Amino acid sequence: VANIHGDEAVGRELLIGLARYLTENYLTDERVKRLLETTDIHLLPSVNPDGNAADSRHSANDEDLNRAFPGWMDLELPRSELIKDREKEVKAMMNWILDNPFVLSISFHDGRVMINYPWDDSPAAVEGEKSICPDDDVFSELAALYAENHPFMWTGKCLCHCETFTKGISNGAEWYLVDNGMQDYNYLFSNCMEITAELSCWKRPPATHLQVEWENNLDSMLILLESAHMGIKGKVLDEDGEPLNRAVVQVCGRDK
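Fair warning: this is a prediction, and the values are worked out from it, not measured in the lab. (Residues numbered from 1 in each chain as written. Predicted model: local features only at pLDDT ≥ 70, side-chain atom pairs only at ≥ 80, totals over all residues. Heavy atoms only, no water.)

With respect to helix α8 (residues 182-190)
Stage number 1. The buried count for α8 comes to eight of nine residues, which makes it a mostly enclosed element.
Stage number 2. Considered for burial, the residues of α8 that qualify are M182, Q183, D184, Y185, N186, Y187, L188 and F189.
Stage number 3. Buried positions along α8 lie against α4 (79-83), α5 (88-99), β1 (104-109), β2 (114-117), α6 (136-148) and β4 (193-198).
Stage number 4. Of the residues flanking the end of α8, it is N191, one or two places downstream, whose phi is positive at about 70 degrees. (Buried < 20%, exposed > 50% of the residue type's maximum accessible area, 1.4 Å probe, protein only. Helix = DSSP H or I, 4+ residues; strand = E, 2+ residues; numbered from the N terminus. Contact = heavy atoms within 4.5 Å.)

Written as structure tokens, this is what we have:
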């Protein structure tokens, strides 16, 4: 998913390029063929097309869409109340996320070069301190996996800011608090594990620089897609071999 902030355009171009790369290489690249035959892949180049057209962070209604999702205070609300009065883009994303059992997601942003992961916010969160979620070890591994396969993201340094991030990754709240963001919404309301990639210091670089960004991120994107197959997976069936509706699976030691 990319371009939730309309003026952050690198991820938008990367996802358009990724769609082309996967389709054009299906018959000639065994890695691509295996990935496409075993994985449901959804690519959304622009959550905020109006903002992109206007070169604005905000939507046409002047809303920051990444501060407009349900959060902790809304956990007990029914779906009809959750989507009530939301921005149209947010409502579309919410329904898409709830209607599809996504396992893994990445949201592309610009303005730094690093990866962050939940929690971005929580009832006890303090900005500058880690807000640790039940799957913190998995999230940090996924974040590091993306950064390690990028030419320099893993160093934790970028040219546009003096702050550094160990291994190029950070817990969201440890960096700064984001209330009602899409990353936490995914994990809170659907169990989808979403991380956020800050791709480039340039939010809208010249077209001549896009090839560099593509080469910097291609391996990381492919490896993250392949990571959807990590861990245990399967089906919950009844004694007749039929799928059980609304089955709940709990893992010992995971309070989620």
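So that's the structure; there's more coming.
Here we look at the packing of α6 against helix α9 (residues 210-226)
Stage number 1. Contact geometry for α6 and α9: axes closest at 8 Å, N-to-C directions at 150 degrees. Accordingly, the angle class assigned to the pair α6 and α9 is roughly antiparallel. Listed contacts from α9 to L142, L145 and Y146 of α6 are N217, S220, M221, I223 and L224.
Stage number 2. Taken together, the residues that form the contact of α6 with α9 break down as six nonpolar, two polar and no charged. (Axes fitted to C-alpha atoms, helices over the stretch in contact; angles between N-to-C directions. Parallel < 35°, antiparallel > 145°, perpendicular 65-115°, else oblique. Nonpolar A, V, L, I, M, F, W, Y, C, P; charged D, E, K, R; others polar.)

Side note on the side chain of T39
Stage number 1. Here T39 is to be found in the loop between α2 (30-38) and α3 (49-54).
Stage number 2. We classify T39 as buried; its relative accessible area is 11%.

Observations concerning the environment of D62
Stage number 1. Structurally, the position occupied by D62 is in the loop between α3 and α4.
Stage number 2. For D62, a relative accessible area of 54% corresponds to the exposed category.
Stage number 3. In sequence terms D62 and I97 are 35 residues apart; their C-alpha atoms lie 23 Å from each other.

Some remarks on the sheet that holds β2
Neighbouring strands of a sheet are bound in pairs by backbone hydrogen bonds; such pairs are parallel or else antiparallel.
Stage number 1. Reading across the sheet, the four strands line up as β1-β4-β2-β3 and stay open at both edges, with mixed pairing between neighbours. What marks the edges here is a single partner per strand, and that holds for β1 and β3 (169-171). On average, each strand axis in the sheet is tilted by 25 degrees relative to the strand beside it, whichever way the strands run.
Stage number 2. Two strands pair when backbone bridges link them, and β1 and β4 are joined in this way by six bridges, in the parallel orientation. Within β4, the residue paired with H109 across the bridge is E198.
Stage number 3. Across the face of the sheet, α8 comes into contact with β1, β2 and β4 while running at roughly 165 degrees to β4. (Pairing = 2+ DSSP bridges.)

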